Amino acid sequence: MSLLSTACNLTRRTAARHGLSPKEKHRLSDIFTLVREFQTSAPACGQKPTFKTILNDPLVHIPPRISVSQADLFCDPTEKLQKLLQTPLFDENERPYRPLVDEMKLAQTVFTSERPRDIRRVESTIRIEKAPIYNLPEVAFLGRSNVGKSSMISCLFHKAPFVKVPVSSTPGFTKTLKFYQVKDYFTLVDMPGYGFNQPHYFRDCVENFLRHRQNLVRTFLMFDMASSVGLEDCRIMEEFKLPYAIMLNKIDLVKDSQRLEVVGQVRTIRDKFGSPNCYPQPFLIR
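Note that the structure is predicted; figures quoted are calculated from it, not measured.

1. Some remarks on the nonpolar core
Nonpolar side chains in soluble globular proteins tend to end up buried together.
Now for step 1: Counting 39 residues, the largest nonpolar core has Leu142, Met191, Phe209, Leu210 and Leu248 as its most contacted members.
Now for step 2: Sorting the residues of this core by element identifies β2 (138-143), β3 (177-182), α8 (202-212), β5 (216-224), α9 (231-240), β6 (244-249) and α10 (256-273) as the ones contributing at least two each.
Now for step 3: The element that contributes the greatest number of residues to this core is α8, accounting for five residues.
Now for step 4: Beyond its immediate stretch of four places on either side in the chain, Met191 contacts Ala140, Phe141, Leu142, Lys149, Thr174, Thr176, Leu177, Val206, Phe209 and Leu210.
Now for step 5: Within the second largest apolar cluster, 21 residues are counted, among which are Phe111, Val147, Val163 and Val182.

Below is the structure:
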């Protein structure tokens, strides 16, 4: 039996008998490719090396296959959606934010703890007069109950072990304004969710914060990709005359067709208001 056939049979039998994961199957596929390339370049005469010899050769390097999550780490999901359309998904002036990979890696260091408590929760309150006072800019996250605001902030702080972000699958779990200071750069504010199970003091708590907080520089309005974007929600943000951006969460739970539909809704909302308050590019996250 040829070396190529041996590798081929080994790949098929091993995958069938042991129920290998997709990653392990990719690994066997890499081995198969390596063997095929080796046999093609092998000398026509002389003793051919065995399959075992190839795998044990210290000079042989089988590169690990990059997982889907790693490959998508620095990829803009809207770029994939654009491939499904012949017309531009966004106008050139609607896509001002195109960070380089090096810039995104640098941004990761901002959320990485270098010493204890350089990233920490500084306050939790329902009254704006009890909110912390400092000279740092603030970025707030707002959305309906159970849309994933706290989970997203927890992911941002996954390299900050001293920060504990309360997360729950129960809608309306976040009941207070939670302030997280990120070194000496800025502060993130996790706001109570509205809609189902919202606190009775939501209007006084959140609206007072949006109207009167001087440090607030931008609010991220988060929606669930599995549902439609709320026109009324955006209208209320326009009333506050504050810069805001739309975030579409849980994009991995819907098909590309629904992603395109929801992104189209965002464009319709922006065209309706014609306001510079809304950031022109929606942010898609999973």
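2. What about helix α7 (residues 149-156)?
Now for step 1: Regarding α7, the residues found buried are Lys149, Ser150, Met152 and Ile153. When α7 is viewed along its axis, its buried side chains cluster within an angular range of 160° and face the same direction.
Now for step 2: Each element contacted by the buried residues of α7 is listed here: β2, β3, β4 (186-190), β5 and β6.

3. Regarding the pattern of salt bridges
Now for step 1: Counted by the stated rule, this structure contains nine salt bridges.
Now for step 2: Across the salt bridge formed by Arg127 and Glu129, the nearest N and O atoms sit 2.4 Å from each other.
Now for step 3: In this structure Arg127 comes out as partly exposed when scored by relative accessible area, which is 47%.
Now for step 4: Across the pair Arg213 and Glu138 runs a salt bridge, and its minimum N-O distance is 2.7 Å. Separated by 75 residues along the polypeptide, Arg213 in the loop between α8 and β5 and Glu138 in strand β2 bring together distant segments of the chain.
Now for step 5: A relative accessible area of 12% places Arg213 in the buried class.
Now for step 6: Overlapping salt bridges, with partners in common, bring together Glu232, Arg235 and Glu239 in one network.

4. Some remarks on the packing of aromatic side chains
Now for step 1: Under the criterion given, the structure shown has eight aromatic pairs.
Now for step 2: Each ring, one from Phe111 and one from Phe186, has its centre 6.0 Å from the other, and the planes form 65°; the classification is edge-to-face. One end of the pair, Phe111, is in the loop between α6 (101-110) and β1 (119-125); the other, Phe186, is in strand β4, with 75 residues separating them in the sequence. The exposure classification of Phe111 matches that of Phe186, with both residues buried.
Now for step 3: With centroids separated by 5.7 Å and ring planes inclined at 50°, the aromatic side chains of Phe157 and Tyr180 adopt a geometry described as tilted.

5. Brief notes about the confidence of the model for the chain
For any part of a model where pLDDT is low, the fine detail of the predicted coordinates should not be relied upon.
Now for step 1: Here the chain averages 76 in pLDDT, while 73% of its residues score no lower than 70.
Now for step 2: Low pLDDT (under 50) marks residues 1-8, which in the prediction has 16 contacts with non-local residues, meaning those over four places away or in another chain.

6. Quick notes on the sheet that holds β2
Now for step 1: Spatial strand order, β1-β3-β4-β2-β5-β6-β7: seven strands in an open sheet with mixed pairing. A strand with exactly one partner marks an edge of an open sheet, and here the two such strands are β1 and β7 (283-284).
Now for step 2: In terms of strand pairing, β2 meets β4 through four bridges, oriented parallel. Among the inter-strand pairings, Phe141 is bridged to a residue of β4, identified as Asp190.
Now for step 3: On top of the sheet, α9 reaches β2, β5 and β6; it is set at about 175° to β5, its chief contact.

Conventions adopted
- Residue numbering note: each chain is counted from 1, following its sequence as written.
- For a predicted model such as this one, the threshold for reporting local features is a pLDDT of at least 70, and the threshold for listing and counting side-chain atom pairs is 80 or more; totals across whole chains, interfaces and linings nevertheless cover every residue.
- Side-chain figures throughout are based on the complete set of non-hydrogen atoms in the structure, without hydrogens or water.
- The definition of a nonpolar core used throughout is a set of buried Ala, Val, Leu, Ile, Met, Phe, Trp, Tyr and Cys residues joined through side-chain atoms within 4.5 Å.
- Exposure is judged per residue with a 1.4 Å probe applied to protein chains only, and the accessible area is read against the type maximum: over 50% gives exposed, under 20% gives buried, and values in between give partly exposed.
- Only runs of H or I of at least four residues qualify as helices and only runs of E of at least two qualify as strands under DSSP, and these elements are numbered from the N terminus.
- Whether two residues are in contact is decided by their heavy atoms, any of which lying within 4.5 Å being enough.
- The arc in question is traced by the directions running from the helix axis to the C-beta atoms.
- We define a salt bridge as a side-chain nitrogen of Lys or Arg found within 4 Å of a carboxyl oxygen belonging to Asp or Glu.
- We call Phe, Tyr and Trp rings a pair once their centres come within 6.5 Å, taking the six-membered ring for Trp, and we label the pair stacked below 30 degrees between planes, edge-to-face above 60, and tilted otherwise.
- Confidence scores per residue from the predictor, reported as pLDDT, run from 0 to 100.
- Note: two strands are recorded as paired if DSSP finds a minimum of 2 bridges between them.
- In this description, a line fitted to the C-alpha atoms serves as the axis of each element, helices being fitted only across the stretch in contact, and the angle between N-to-C directions of two axes falls anywhere from 0 to 180 degrees.

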